[in-house]
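In case you want the letters, here they are:
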Amino acid sequence: MQALISQGVLREPGERALMGHIVPWIYENTAEAFEEDNDLDELINELTLLAEEQIANDHDDALRKERKRREKKLQEDKCREEELRQQQEKLRKEQEEQKRKEDLQKLREDIDLQIIERGEWRNEILSQPITNIHGNFQSKPTIGVLGGLIGQLAISLTAAVQTLGSDEFLNEKTAYKFFATLISDVLRSDSFELFLASSLEKLILEKGGKLDELNLLDEDTAEQFIEEYKTNSGGDELLNNFLSSFGKYGIDNEILKLIVNSLMRIIFLRFTDKAIQGKQGNARRKLRFVTLPETFARDPNKPQAIVRIRIPLDRSEDEASEHSNEEGKAKEESVNAGEGEPKEAKPSVETKGPKVYPELEYEDKVLMVTPVTETLNVYVMHQAAGRELRNQICEFVKEHYEEEFEEVKLEDMQRKAEELAVAAENDFMHKFADVPTFDYEKN
């Protein structure tokens, strides 16, 4: 039996069943279990990867959302900050504008009280002292015209040249006689003050001279003084600035040189013509140099305001229209109340630009004011005085150069002078646009 078993012929039934059925079954199920286990691992790995991917995606989404939230909050904060800044800026501007209005109102009140109300009415405009609009920074009543006597002479003579179409009538000899006679006999004012820088005054004093005795200076000092005066208008920055703009209006520099040379000759009594010696002496007494007062502690080139004393305008048409509108309103109210029949309304006519009012006729009188007070330094422009001075100069040009201007109408020359004066004033006001300007219609 053992031999049969060893030969493999005889097997035990249990072993045969085990090896034939059970073991294969175990192998088969074990393999299936391993396969299922592998599939499960793969599934787990796949699920793990999916979960990790989802977590990563959710994390990225969360980061994006957080980033957007922060960006939105940052933008909202910036918007709030900008809105707050704009509100603060608006408030600041409103406060500044309110303060500016209050300051202007206070300045206007000070000018009313210290300058206008203290002004002196004088008859005969051209009989009063005439200066540049800064009044030479003196604390005394004066009449201010743009550029002073030199500026108005330049405007008037340029108008004469442009109206005539020639400047041949102007030369050193004839101009000297013209200016001496004009200032001595025609212009009734006793004083035409010319501003003088302290450096030029120092030059005179160092030579032992006096401002009211310039004719006694030696010739070299006189020539040095004249050349330095012509260089910068005697240190009058306002006059120098004013004259430097004249070229754009056709005012020739040669005319300016002729004016200054002639006035200096009169003042220093140089090249005296015996035929007009008396006129020259009288003209010299009217032309006076003045310097900046030692008590003047402000910047002379920075006025606090520009005060324009203007010719009154005729606004009667507006007043009549306003009265008519009030009557029309009352009539309309009565119609609405059933006291009449309504009429078809006519369309109003719209006008472009500011309305231009005609000037009223003015008397030969002027309000002289003091441009420098305890607390104020202003420029004062007298419109009527400037016009009267130019008209007088033009009238004398036609009379003195009778032959040359025989065919020229005086009205045309005066009109041209007015055009040049308006252009020059507009240019001046543009340069001083940051300086408050107050108009007073008081002739």
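Engineer: I would appreciate a short explanation of the overall build of the protein chain in the present structure.
Structural biologist: Tallying secondary structure elements over the protein chain gives 12 helices and nine strands in all. Counting the 443 residues in the protein chain, one finds 37% classified as buried. For the protein chain, contacts bridging at least 24 residues in sequence account for 83% of all contacts bridging at least 6. When the accessible area of the protein chain is evaluated, it comes to approximately 27,600 Å², of which 49% is carbon and sulfur surface.

Engineer: Is there a simple way to explain the sheet that holds strand β6 (residues 305–310) in this structure?
Structural biologist: Whenever strands of a sheet pair, they do so through backbone hydrogen bonds, lying parallel or antiparallel. The strand order β8-β6-β9 describes an open sheet built from three strands, whose pairing is parallel. Two strands in the sheet have a free side with no partner beyond their single neighbour: β8 (378–382) and β9 (437–441). Between one strand and the next, the sheet's axes are offset by a mean angle of 20°, whatever the strand orientation. Summarising the sheet, β6 and β9 pair through five bridges and their orientation is parallel. Following the sheet pairing, R308 is matched in β9 by D439. Strands β6 and β8 of the sheet are contacted by helix α11 (residues 383–400), whose axis makes an angle of about 50° with β8. Docked against the sheet, helix α12 (residues 410–431) engages β6, β8 and β9, running at close to 155° with respect to β6.

Engineer: I'm lost on the layout of surface pockets in this one. Help?
Structural biologist: A probe as big as a water molecule, rolled over the atoms, marks out the empty space that is left. As a volume, the second largest pocket reaches approximately 290 Å³. Lining the second largest pocket are 20 residues, and of these M381, Q383, R390, A421 and E425 lie nearest its centre. Looking at the lining of the second largest pocket, the elements with two or more residues in it are α3 (148–164), β6, β8, α11 and α12. At six residues, α12 tops the list of elements feeding residues into the lining of the second largest pocket. Its residues assigned to classes, the lining of the second largest pocket comprises eight nonpolar, six polar and six charged.

Engineer: Before we go on, may I ask you to explain the packing of helix α8 (residues 253–268) against helix α9 (residues 277–286) in this structure?
Structural biologist: Working note: a packed helix pair is described by the angle between its axes plus the distance between those axes. In contact at an axis separation of 8 Å, α8 and α9 are set at 100° when each is read in the N-to-C sense. By the angle class used here, α8 and α9 are roughly perpendicular. Across the interface between the two elements, R265, I266 and I267 from α8 touch Q280, A283 and R284 from α9.

Rules of the game
- What you see as residue numbers is a count from 1 along each chain, following the sequence as written.
- Only residues with pLDDT of at least 70 get local features here, since the model is predicted, and only at 80 or more are side-chain atom pairs given and counted; chain-wide, interface and lining totals rely on the full set of residues.
- As a rule here, side-chain values cover all heavy atoms of the structure and leave hydrogens and water aside.
- Numbering of helices and strands runs from the N terminus; a helix is a DSSP stretch of H or I covering at least four residues, while a strand is a stretch of E covering at least two.
- Only protein chains enter the accessibility calculation, which uses a 1.4 Å probe; a residue whose area is less than 20% of its type maximum is buried, one above 50% is exposed, and one in between is partly exposed.
- Here, residues are in contact when the closest pair of their heavy atoms is within 4.5 Å.
- With residues, only the protein chains shown are counted as cover, and all accessible areas are computed by Shrake-Rupley using a 1.4 Å probe.
- A pair of strands is labelled paired if DSSP reports no fewer than 2 bridges between them.
- Helix axes are fitted only over the stretch in contact, all axes being lines through C-alpha atoms; the angle between N-to-C directions runs from 0 to 180 degrees.
- Space inside and on the surface of the protein is sampled on a 1 Å grid over the protein atoms alone, with a cavity defined as a set of points where a 1.4 Å probe fits but cannot get out and a pocket as an open set with protein on both sides within 12 Å along at least 5 of 7 lines; lining residues have an atom within 4 Å of a point.
- Grid points are joined across faces, edges and corners, and a volume is the space filled by probe spheres set on the points.
- Residues are grouped as follows: Ala, Val, Leu, Ile, Met, Phe, Trp, Tyr, Cys and Pro are nonpolar; Asp, Glu, Lys and Arg are charged; every other residue, Gly included, is polar.
- Our angle categories are set so that under 35 degrees counts as roughly parallel, over 145 as roughly antiparallel, 65 to 115 as roughly perpendicular, and the remainder as oblique.

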